[in-house]
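# Reading the structure
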Amino acid sequence: MAGRLSLPEEDLTCPVCCEIFRDPVVLKCSHSFCASCLQRYWTQGGRNRDCPLCRARSEDDPVPSLTLKNLCESVQETEGLEETVGDLYCDASDMCPLHGEKLKLFCLLDKEPICVVCHTSRRHKQHDCCPISEAVGDAKDKLKSSLSSLQEKRDAFEKMKKTCEDTVAHIQLQVQFVERQTHEEFQRLHSFLQAEEAARMEELREEEEQKSLAMRQKIEEMNRNITSISETIRGLEEDMALEGISVLNKCKTAPERANCPFDDPVMAPGALIDVAKYVGSLSFHVWKSMNDIIRYTPVTLDPNTAAPWLVLSDDLTSVRDSDDKQQLPDNPERFDPDTGVLGHQGFTSGRHAWDVSVGDNTAWVVGVAKESVLKKEKVSSVLKNGYLTVYFYHKMYFAGTSPLTRLSLKRNLDRIRVQLDCDKGKVSFYDPHDNTLVYTFKHPITEMVFPYFWVGCQKCPLKVEPLEVSVCSQSI
């Protein structure tokens, strides 16, 4: 390991006057002196321009050393010469490997530390240099900037890691919710199917009992008829076994006894189980029976887009505002800080319609939003921002134009119908009670649009109304 060396006074002081350099100059032999001391030495001593230290003859004029001058002035400004010379120490690695001098300068062109002698050499001559202290300061500034940038990047990665961890936890909650909702829905369907199956089995058993009873009664009737006829047959057989005149006497009544009072036995129609009624298109008929329990809404709200302050119903058909901000992942699809939510399905073509119950809600916005709308900034839901909407605010109705268009309605809306015609580029709003037109936007649909809902009131939720559906067959 390199030892510690005392900084020689010659590095900062003139060998002639033994004081800090004043206007230092450098001779060809690389020794430095104060300009005035060197001239006085040459004049008073009668020397032939030789170096006061090594006596090397110098034919060329001394070269001013601006770098050494700046370094000396810098040292004088910070602390006294005695303290600087006495307290500064250098490592062997801080010494110039070529000249054995202290590395005091930094070559800005070659990006390397050099000594005063190096500065006058061919390699670094006329290169811009600065004191090592300045270069160290600049390097530390760059390192500080790089360190700050890396720390910011690390903080961003740590924040993203936390977001990912929160997202994993939220995914588990979503899975549990979906499992619970799916289980409950299928349990409802199972219960309906089990009840439907039980009802059909009960109907089958009742028909079986009725038709089996009818057949048993028919069998009893046949048994009575068979017994009566069998007795008559037996009597006739006994008459046939007689001999002589008695046969003639019995023969007189034989036709009357042989004339059976019963009609010929005939199987009545409809005696069998109506199998086709039970198994023919069974799933279709069960499907038709499910109309009473199946509900269909044309728009399903997307919880991944809902602002943290919004609360969605479990069936994702209604939304209300709240005071509490939920701990939800800040995914790119989510509105925050604005209290909006999108429908799950987007549209680029075709005609679509849905009714929204607004009830007594005092602040709402309903319509459609383009896929490209900003979700991480609080902007008004108007056309220039990518929205085609109708407002209700401060007991007034507006169309989301820029600026807003005041709407005059004959009655307050408790429901509003949105009709989207992507092919014609129209979004119309109606009062469903009498189909009165509220407002129509004529705007080309050039990208996917989604149903949009904004809620600013906790009094009443916004709810997508279900549609009436029916199952029917279609003839060819």
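The rules we used
- Residues numbered from 1 in each chain as written.
- Predicted model: local features only at pLDDT ≥ 70, side-chain atom pairs only at ≥ 80, totals over all residues.
- Heavy atoms only, no water.
- Helix = DSSP H or I, 4+ residues; strand = E, 2+ residues; numbered from the N terminus.
- Buried < 20%, exposed > 50% of the residue type's maximum accessible area, 1.4 Å probe, protein only.
- Contact = heavy atoms within 4.5 Å.
- UniProt positions renumbered as here; feature names shortened; annotations may be inferred.
- Patch = residues over 30% accessible without salt bridge, like charges linked within 9 Å, V, L, I, M, F, W, Y side chains within 5 Å.
- Areas by Shrake-Rupley, 256 points an atom, 1.4 Å probe, with all protein chains shown as cover.
- Salt bridge = Lys/Arg side-chain N within 4 Å of Asp/Glu carboxyl O.
- Lys, Arg positive; Asp, Glu negative; His and termini not counted.
- Charge placed at Lys NZ, Arg CZ, Asp CG, Glu CD.
- pLDDT = per-residue confidence, 0-100.
- Pairing = 2+ DSSP bridges.
- Axes fitted to C-alpha atoms, helices over the stretch in contact; angles between N-to-C directions.
- Expected span 1.5 Å × (residues − 1).

### Some remarks on the environment of glycine 400
The residue glycine 400 is located in the loop between strand 15 (396–399) and strand 16 (405–407) in this model. Relative accessible area serves as the criterion here: at 0%, glycine 400 is assigned to the buried category. Spatially, the C-alpha atom of glycine 400 lies 10.0 Å from that of tyrosine 439, the residues being 39 residues apart in sequence. Not counting chain neighbours up to four residues away, the residues in contact with glycine 400 comprise Ser381, Val382, Leu383, Tyr387, Thr389, Tyr391 and Phe441.

### Notes on unusual backbone geometry
The peptide bond linking aspartate 336 to proline 337 adopts the cis configuration, its omega dihedral lying at 20°. Position of proline 337 relative to the elements: it lies in the loop between strand 10 (318–321) and strand 11 (340–342). Of note, the bond from serine 402 into proline 403 is cis; its omega dihedral lies within 30 degrees of zero at 0°. Summarising the element assignment, proline 403 is placed in the loop between strand 15 and strand 16. Within the chain, aspartate 23 stands out as a residue other than glycine whose phi angle is a positive 50°. Within the secondary structure, aspartate 23 sits in the loop between strand 1 (4–6) and strand 2 (24–26). What makes aspartate 23 partly exposed here is its relative accessible area of 44%. In this model, histidine 394 sits at a positive phi of 50°, which is unusual for a non-glycine residue. With respect to the helices and strands, the residue histidine 394 is situated in the loop between strand 14 (387–393) and strand 15. Residue histidine 394 is classed as exposed on the basis of its relative accessible area of 57%.

### Details of the UniProt feature "coiled-coil region" (unreviewed entry) in the chain
Under the UniProt annotation, "coiled-coil region" (unreviewed entry) lies at residues 140–167 and 198–239. Measuring from the first to the last C-alpha atom of residues 140–167 gives 39 Å, for a span that is 100% helix and 0% strand.

### Concerning a negative patch on the surface
Residues Glu202, Glu206, Glu208 and Glu209 make up a contiguous surface patch of negative charge. The topology assignment puts glutamate 206 in helix 5 (residues 132–240).

### Some thoughts on the pattern of salt bridges
With the rule as written, the count across this model stands at 16 salt bridges. Residue lysine 69 pairs with aspartate 23 through a salt bridge whose shortest N-O separation is 3.4 Å. With lysine 69 in helix 2 (residues 66–78) and aspartate 23 in the loop between strand 1 and strand 2, the pair connects residues that are 46 residues apart, well separated along the chain. Given a relative accessible area of 28%, lysine 69 falls into the partly exposed group.

### Observations concerning the confidence of the model for the chain
If pLDDT is low for a region, its predicted coordinates should not be looked at in detail. Considering every residue of the chain, the mean pLDDT works out to 86; 90% of them sit at 70 or more. The model gives residues 1–7 a pLDDT under 50, and that stretch makes 15 contacts with residues more than four places away or in other chains.

### A word on the sheet that holds strand 17 (residues 415–421)
As summarised here, the arrangement of the seven strands in space is 9-10-21-12-17-18-19, forming an open sheet in which the pairing is antiparallel. Of all strands in the sheet, those bounded by a partner on one side alone are strand 9 (310–312) and strand 19 (436–442). Between one strand and the next, the sheet's axes are offset by a mean angle of 20°, whatever the strand orientation. As paired elements, strand 10 and strand 21 (residues 462–464) share two bridges and run antiparallel to each other. Within the sheet, the bridge partner assigned to serine 318 lies in strand 21 and is lysine 463.

### A closer look at the environment of lysine 426
By the secondary structure assignment, lysine 426 is in strand 18 (residues 426–431). Lysine 426 sits 14 residues away from threonine 440 along the chain, and the two C-alpha atoms are 6.8 Å apart. If sequence neighbours within four positions are ignored, lysine 426 has contacts with Gln419, Leu420, Asp421, Thr440, Phe441, Lys442 and His443.

### Topic: helix 5
An ideal rise of 1.5 Å per residue puts 162 Å on 109 residues; helix 5 measures up with 153 Å between its terminal C-alpha atoms. When we look at burial in helix 5, the residues that qualify are Ala135, His170, Gln181, Leu189, Phe192, Glu196, Arg200, Leu204, Glu207, Asn225, Gly235 and Asp239.

### Things to note about the environment of valine 390
Structurally, the position occupied by valine 390 is in strand 14. Exposure remark for valine 390: the relative accessible area of 0% places this residue in the buried category. Spatially, the C-alpha atom of valine 390 lies 5.7 Å from that of valine 365, the residues being 25 residues apart in sequence. Once residues within four sequence positions are removed from consideration, valine 390 is found in contact with Trp364, Val365, Val366, Phe398, Leu407, Ile416 and Phe429.

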